[in-house]
Amino acid sequence: MDDITAAASVGRRTFFRYFLYKEAVLFSGGFFPHLAVELDKLLSSGTPPVRALLLAMESNPYGSEEPDETTIRRRRLRVALLSEPSVSDFYRHQIALMAQEVTDVVRKHPEHAAVPYLPQLVGGLVHTMTIEHLESGETHHFSLDTGPWREAVRALERSFDA
């Protein structure tokens, strides 16, 4: 922390005014910063929840363009530091908060809230997808191959028919 604050020419107190935790520096851009807003728009337009989530994730600016070298280095550092319990715990907590936000957005729409467990399943999907991306070690972008997710959702649906 001393090296970072010295390089930034700020004191530790100033640093912690902007970042509540030292781990937050690694994730200062947030996780899909406009996901909830985009998801809400898509749900309001009548797009089904899982499709809306996938579309919202695909349209999000996080990773939509080829990253510059600084971004790649920062992402590699994140992946390397995930072996540190405090970093891993912080990251997983932030993902859980994002998943809860998605759950709350789906729940806000009465037609989806009326379906038991649907909001939680959509939130769980974004949670799983984000953790999978993290654990893959991918540093270039959040590539979203919707095929496996569609297959998993269909398999889940079929399991209830059996």
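Criteria and cut-off values
Residues numbered from 1 in each chain as written. Predicted model: local features only at pLDDT ≥ 70, side-chain atom pairs only at ≥ 80, totals over all residues. Heavy atoms only, no water. Helix = DSSP H or I, 4+ residues; strand = E, 2+ residues; numbered from the N terminus. Buried < 20%, exposed > 50% of the residue type's maximum accessible area, 1.4 Å probe, protein only. Contact = heavy atoms within 4.5 Å. 1 Å grid on protein atoms, 1.4 Å probe; cavity = no way out; pocket = protein on both sides within 12 Å on 5 of 7 lines; lining within 4 Å. Points joined across faces, edges and corners; volume = space filled by probe spheres on them. Nonpolar A, V, L, I, M, F, W, Y, C, P; charged D, E, K, R; others polar. Salt bridge = Lys/Arg side-chain N within 4 Å of Asp/Glu carboxyl O. Polar contact = N/O pair within 3.5 Å; in protein donor to acceptor, adjacent residues only side chain to side chain. Core = buried A, V, L, I, M, F, W, Y, C linked by side-chain atoms within 4.5 Å. Arc of directions from axis to C-beta. Axes fitted to C-alpha atoms, helices over the stretch in contact; angles between N-to-C directions. Parallel < 35°, antiparallel > 145°, perpendicular 65-115°, else oblique. Left-handed = near helix turned anticlockwise from the far one by under 90°.

1. Notes on the environment of Arg12
Within the secondary structure, Arg12 is located in helix H2 (residues 12-18). Residue class for Arg12 comes out partly exposed when judged on its relative accessible area of 40%. Not counting the four nearest positions on each side in its chain, Arg12 is found in contact with Met1, Asp2 and Thr5.

2. Observations regarding the layout of surface pockets
It is a probe the size of a water molecule, rolled over the atoms, that shows where empty space is left. In this model, the largest pocket occupies a volume close to 540 Å³. Elements with a contribution of two residues or more to the lining of the largest pocket: helix H4 (49-59), helix H8 (118-136) and helix H9 (146-161). At eight residues, H9 tops the list of elements feeding residues into the lining of the largest pocket. In the lining of the largest pocket, the residues fall into 14 nonpolar, no polar and four charged.

3. Notes on the pattern of salt bridges
A full pass over the atoms with the stated rule returns two salt bridges. Linking Asp104 and Arg107 is a salt bridge whose minimum nitrogen-to-oxygen distance equals 3.2 Å. Here Arg107 and Asp104 lie together in helix H6 (residues 85-107), a separation of three residues that amounts to about one turn. Look at Arg107 and you get partly exposed, because its relative accessible area is 37%.

4. Considerations on the environment of Ser83
Looking at where Ser83 falls in the secondary structure, it is placed in the loop between helix H5 (69-81) and H6. Overall, Ser83 belongs to the exposed group, its relative accessible area being 62%. Within the local environment of Ser83, its side chain forms a polar contact with the backbone oxygen of Ala80, the two atoms lying 3.3 Å apart.

5. Things to note about the side chain of Thr47
Within the secondary structure, Thr47 sits in the loop between helix H3 (35-44) and H4. Its relative accessible area of 13% is what places Thr47 among the buried residues. Within the structure, the side chain of Thr47 is placed 3.3 Å from the side chain of Ser45, a separation counted as a polar contact. Once you skip the residues sitting within four places of it in the chain, Thr47 turns out to touch Leu42, Ala52, Leu55 and His112.

6. Here we look at the nonpolar core
By size, the foremost hydrophobic cluster in this structure holds 22 residues, and its most contacted members are Leu35, Leu39, Leu53, Met57, Val102 and Val126. Contributing elements (two or more residues each) for this core: H3, H4, H6 and H8. Judged by nonpolar contacts, the second largest core, of six residues, contains Leu82, Tyr91, Ile131 and Leu134.

7. Digging into unusual backbone geometry
Phi at Tyr117 is positive, roughly 75°, even though this residue is not glycine. Turning to its location among the elements, Tyr117 is positioned in the loop between helix H7 (110-113) and H8.

8. Points about H3
All of the buried residues in H3 are Leu35, Ala36, Leu39, Asp40, Leu42 and Leu43. Taken end-on, H3 shows its buried residues confined to a sector of 165°, consistent with a single buried face. In H3, the exposed residues that point more than 90 degrees away from the buried face are Lys41 and Ser44. Within two residues after H3, Gly46 carries a phi angle of roughly 100°, on the positive side.

9. Looking at the packing of H3 against H4
Interaxial distance between H3 and H4 falls to 9 Å at its minimum, and their mutual angle equals 135°. Considering the angle they form, H3 stands oblique to H4. Note that H3 runs across H4; the crossing there is right-handed. Taken together, the residues of H4 that come into contact with H3 (itself represented by Leu35, Glu38, Leu39, Leu42 and Leu43) are Pro49, Ala52, Leu53, Leu55, Ala56, Met57 and Ser59. Of the residues in the contact of H3 with H4, the class split is 10 nonpolar, one polar and one charged.

Keep in mind these values describe shape, not function.
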